[in-house]
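Each chain is listed here by its residues.
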Amino acid sequence: MKKFIETLKNCWRIEDLRQRLLITLLFTAIYRFGSFVVLPGINPSKLDQLQSQTAGGLMSLLDMFSGGAFSNASIFALGIMPYISASIVIQLLAVAVPYFQKMQREGESGRKKINWYTRILTVGILLVQAPSYLLNLKAQAASALASGISWPMFMIPATIILAAGSMFILWLGERITDKGVGNGISMIIMIGIIARLPQAFVQELGSRFTAISSGGLVMFIIEILVLYAVICASIMLVQGTRKIPVQYAKRLVGNKQYGGARQYIPLKLFAANVMPIIFAQALMFIPLVFVRYQSDGGSSWAQALMDNHSLPYNCIYVILIIAFTYFYTAITLNPTQMAEDMKRNNGFIPGIKPGKDTAEYIDTIMTRITFPGSLFIAFIAIMPALAGLLNVQQAFSQFFGGTSLLILVGVVSDTIQQIKSHLLMRHYDGLLNSGRTRNGVVSAY
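Right, let's walk through the structure included here. Model, not experiment: these values are computed from the prediction.

1. Describing the overall build of the protein
Each helix and strand counted, the protein has 19 helices and seven strands in total. The proportion of buried residues among the 445 residues of the protein is 45%. Restricting to contacts in the protein with at least 6 residues of sequence separation, those with at least 24 account for 70%. Put simply, the protein shows about 23,000 Å² of open surface, and 65% of that area lies on carbon and sulfur atoms.

2. Here's the deal with the side chain of Thr329
Examined against the element boundaries, Thr329 turns out to sit in helix α15 (residues 311-332). The class for Thr329 is buried, based on a relative accessible area of 8%. When residues no more than four places from it in sequence are discounted, the contact partners of Thr329 are Ala271, Ala272, Met366 and Thr370.

3. Remarks on the sheet that holds strand β5 (residues 347-348)
One open sheet accounts for three strands, arranged β4-β1-β5; its pairing is antiparallel. Each having just a single partner strand, β4 (262-268) and β5 make up the two edges of the open sheet. Examined bridge by bridge, strand β1 (residues 241-248) and β4 share seven bridges and lie antiparallel to one another. Within β4, the residue paired with Pro245 across the bridge is Tyr264.

4. Remarks on the packing of helix α16 (residues 335-344) against helix α17 (residues 356-389)
Close contact between α16 and α17 brings their axes to 8 Å; oriented N to C, the two are set at 130°. Here α16 lies oblique to α17, going by the angle between them. The handedness of the crossing between α16 and α17 comes out as right-handed. Contact with α16, carried on its side by Pro335, Thr336, Met338, Ala339 and Met342, involves Thr358, Ala359, Ile362 and Asp363 of α17 and no other residues of that element. Here the contact of α16 with α17 is built from residues that sort into six nonpolar, two polar and one charged.

Thresholds, definitions, all that
Residues numbered from 1 in each chain as written. Predicted model: local features only at pLDDT ≥ 70, side-chain atom pairs only at ≥ 80, totals over all residues. Heavy atoms only, no water. Helix = DSSP H or I, 4+ residues; strand = E, 2+ residues; numbered from the N terminus. Buried < 20%, exposed > 50% of the residue type's maximum accessible area, 1.4 Å probe, protein only. Contact = heavy atoms within 4.5 Å. Areas by Shrake-Rupley, 256 points an atom, 1.4 Å probe, with all protein chains shown as cover. Pairing = 2+ DSSP bridges. Axes fitted to C-alpha atoms, helices over the stretch in contact; angles between N-to-C directions. Parallel < 35°, antiparallel > 145°, perpendicular 65-115°, else oblique. Left-handed = near helix turned anticlockwise from the far one by under 90°. Nonpolar A, V, L, I, M, F, W, Y, C, P; charged D, E, K, R; others polar.

As structure tokens, then:
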């Protein structure tokens, strides 16, 4: 503990790092403040129906990623997710459309074009999602609109405000990336998730003491230990790599010898990150959309697919996650391109012929490590449902796995690594002296 406090003092002594940390805190505070600014014309005391709707089920995920802004009818209600959706669409287009593939190879100029297209698509998504959110608000809490204002008059300015709020969040994220510490977009998502943790923690603790035969303090301690174990397992999942040795041939240029070094290609066990879970969740929202337009509430099968604690939901959810893990890994890692680049730089895998054989070897390794990785990520994804079956409160069970936990682990690891880099540049020790850096991520012994 004493060493940790000394490291924090070192962070404060470095002027550049201190300014970056303060800027990050300032912008995250602005984001949290905006999450409580309600849309003009909405009475916040009459949003009970909307908040009860997001207290469980799939809608709670949207509320978690927005840090509660969704249920508060805030100007930041749509959060950063429209930009994430646009980024995913552009990334898929970069695989299927030659025009976007060409832009990816153009370097910095191509990256700027892709960012511009992503922003344009984000605005288009916002112009669809904002009216949808307002229609849902009207259906769930129509009485929340102030008297004297009609919904048709309210929709247009509210849509503009919601779209502007999401674009402002995007601007905050970019400023954090440029002037602060860590990836700004990921940091904003993480802050929204963490903001729900204290309330969920207190609710779970209170439920264990008030409910009959709930186990009391002993059961709560067991929950914390299980949560700790799941976090450790998630860290191992994020850090896990399979190193493929690559030998580079020696070559003489004048009187100097180049090459001959042996390096490694780190193939991540978890190369797809949280994208398979996001894709699977997006598809699992489809029954929710159709049932809302049926007066009888839909069939029992559709109702089961809307319940994230039901067996049909979780079985289909696991299958989708495994399928999307293979799909996303295949479109992000190209073994043929890796083999060509290796051959171009006079590199080869010992015992494997360059070219086609190298590509097949890399593809085989990726297939083998993707399967256990997909099973593990599927298990992490259904952990909240398993926790719910053990009478864990809905808000607290979300932290036992799924997208939220993986985002927290990834963002915190990346931020710690950036702070560690600043400290090592000034010859200070890192935040975690009992650990080591593996592939840019801090891990414990």
